[in-house]
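Spelled out from the first residue to the last, the chains are:
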Amino acid sequence: MNKLLMATSAIALATSQIVMTATVSLAAIPQLNVTCPGKIHVHADKGGPVYINGKKASLKVFNKNYYEAKGSGVTISIAINPDGTPNVSYTGPGRKNGVCS
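Here is what the cut-offs are and how they apply
Residues numbered from 1 in each chain as written. Predicted model: local features only at pLDDT ≥ 70, side-chain atom pairs only at ≥ 80, totals over all residues. Heavy atoms only, no water. Pairing = 2+ DSSP bridges. Helix = DSSP H or I, 4+ residues; strand = E, 2+ residues; numbered from the N terminus. Disulfide = S-S within 2.5 Å. Buried < 20%, exposed > 50% of the residue type's maximum accessible area, 1.4 Å probe, protein only.

### Let's talk about the pairing of strand S6 (residues 66-71)
Point 1. Of the strand pairs in this sheet, strand S5 (residues 58-63) and S6 are connected by 5 bridges, and their pairing is antiparallel. By the bridge assignment, Lys60 is partnered in S6 with Glu68.
Point 2. Both S6 and strand S7 (residues 74-80) contribute to a ladder of 6 bridges, which runs antiparallel. Bridge assignment links Gly71 to a residue of S7, and that residue is Val74.
Point 3. Hairpin connection between S6 and S7: a loop of 2 residues separates the two successive antiparallel strands, and Ser72 in this loop has a positive phi of roughly 55 degrees.

So, in structure tokens, the structure goes:
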């Protein structure tokens, strides 16, 4: 019984740390309104979520300076510069890619 309680506690602790890390990291996304080649529109409020062509995208947090949003058949890469400004690019069907502005 003690091993089960210890395992459950360890899982709960690990889960809370992951949630806290994701929340802290997500807060680093700045407000975005960019257009990528192919008329792909990307919007994010400060802290997220990210929308691609008006639809909420799934977001993967790699670290506090790099994110990928996926949806509408494209992947949007968001890199945050040291001064807080974003670099946004996309990869679409057929490996089409480019820089968003």
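### So, the sheet that holds strand S1 (residues 32-36)
Point 1. Spatially, the 4 strands line up as an open sheet ordered S1-S2-S3-S4, and their pairing is antiparallel. Each end of this open sheet is capped by a strand with a single partner; those strands are S1 and strand S4 (55-56).
Point 2. By the bridge criterion, 3 bridges tie strand S2 (residues 40-44) to strand S3 (residues 50-52) in an arrangement that is antiparallel. In the sheet register, Val42 faces S3, and the bridge partner there is Ile52.

### Overview of the state of the cysteines
Point 1. Counted under the stated rule, the structure contains 1 disulfide.
Point 2. Between the sulfur atoms of Cys36 and its disulfide partner Cys100 the distance amounts to 2.0 Å. In this structure the cystine formed by Cys36 and Cys100 twists about its S-S bond by roughly 95 degrees; its chirality is therefore right-handed. One end of the pair, Cys36, is in strand S1; the other, Cys100, is in the segment after strand S9 (97-99), with 64 residues separating them in the sequence. The pair Cys36 / Cys100 is uniform in exposure class, with both members buried.

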